[in-house]
Amino acid sequence: MGYSISHGVGSTRSALTIANLGQHLAHTLTGSEWRELSFLFDGRLSDVVHVPPRQAGRIGDLLEKAAGSRSMNPEWGELAATLAEAARRASRAGEDWSWT
């Protein structure tokens, strides 16, 4: 299964890729930060998700923080940065950030 992620994520991402990124995020962010976005990356996403604009902006900030961390693998950091920009783009547009 793959996810199409709105607002500029060009290709479908596999559920395994998203779950693997989640493992990196969990080790990079604080516990409270991880809990804010874990619902997307914990490997249990089974339905369409629409993240409200304000929440998408916050998730974008957290993903960007993780992407820039020295403890983040550069390849996974690149994916986190791509998702961060998409989340922020949705937030700035006042639109839900959709994962289908």
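Quick note: structure is the one above.
Keep in mind that this is a model prediction, so the values were computed, not measured.

Chemist: I'd like a description of the pattern of salt bridges, backed by residues and values.
Modeler: Under the defined criterion, the tally for this structure stands at 8 salt bridges. Notably, a salt bridge pairs R58 with E36, separated by 2.9 Å at the nearest N-O pair. With a gap of 22 residues between them, R58 in helix α3 (residues 53–67) and E36 in helix α2 (residues 31–41) connect regions that are remote in the sequence. It is possible to trace a salt-bridge network through shared partners that takes in D61, E64, E85, R88, R89 and R92.

Chemist: Before we move on, could you go through unusual backbone geometry and cite the residues and values that matter?
Modeler: Even without glycine at this site, H7 takes up a positive phi of about 70 degrees. Mapped onto the secondary structure, H7 falls in the loop between β1 (2–3) and β2 (13–14).

Chemist: Run through the side chain of H7, naming residues and quoting values.
Modeler: The class of H7 is buried, set by a relative accessible area of 19%. If near-sequence neighbours (up to four positions away) are discounted, H7 is found in contact with A86, R89, A90, E95, D96 and W97.

Chemist: Now, about the nonpolar core: what can you tell me, with residues and values included?
Modeler: Of all hydrophobic cores here, the largest spans 30 residues; its most connected members are L25, F41, W97 and W99. Elements supplying a minimum of two residues to this core: α1 (15–28), α2, β3 (49–51), α3, α4 (74–93) and β4 (97–99). Considering every element that reaches this core, the biggest residue donor is α4, with 7 residues. Apart from the residues lying within four places of it in its own chain, the contact partners of F41 are I18, A19, L21, G22, L25, W34, L63, L83 and W99.

Chemist: I'd like to hear about the packing of α1 against α4, residue by residue, with values.
Modeler: In the contact formed by α1 and α4, the axes pass within 10 Å of each other and the chain directions differ by 105 degrees. In terms of orientation, α1 and α4 fall into the roughly perpendicular class. Taking contact as the criterion, the partners of T17, N20, L21 and H24 in α1 are, on α4, W76, L79, A80 and L83. A breakdown of the residues in the contact of α1 with α4 according to their chemical character gives 5 nonpolar, 3 polar and no charged.

About the cut-offs
- Residues numbered from 1 in each chain as written.
- Predicted model: local features only at pLDDT ≥ 70, side-chain atom pairs only at ≥ 80, totals over all residues.
- Heavy atoms only, no water.
- Salt bridge = Lys/Arg side-chain N within 4 Å of Asp/Glu carboxyl O.
- Helix = DSSP H or I, 4+ residues; strand = E, 2+ residues; numbered from the N terminus.
- Buried < 20%, exposed > 50% of the residue type's maximum accessible area, 1.4 Å probe, protein only.
- Contact = heavy atoms within 4.5 Å.
- Core = buried A, V, L, I, M, F, W, Y, C linked by side-chain atoms within 4.5 Å.
- Axes fitted to C-alpha atoms, helices over the stretch in contact; angles between N-to-C directions.
- Parallel < 35°, antiparallel > 145°, perpendicular 65-115°, else oblique.
- Nonpolar A, V, L, I, M, F, W, Y, C, P; charged D, E, K, R; others polar.

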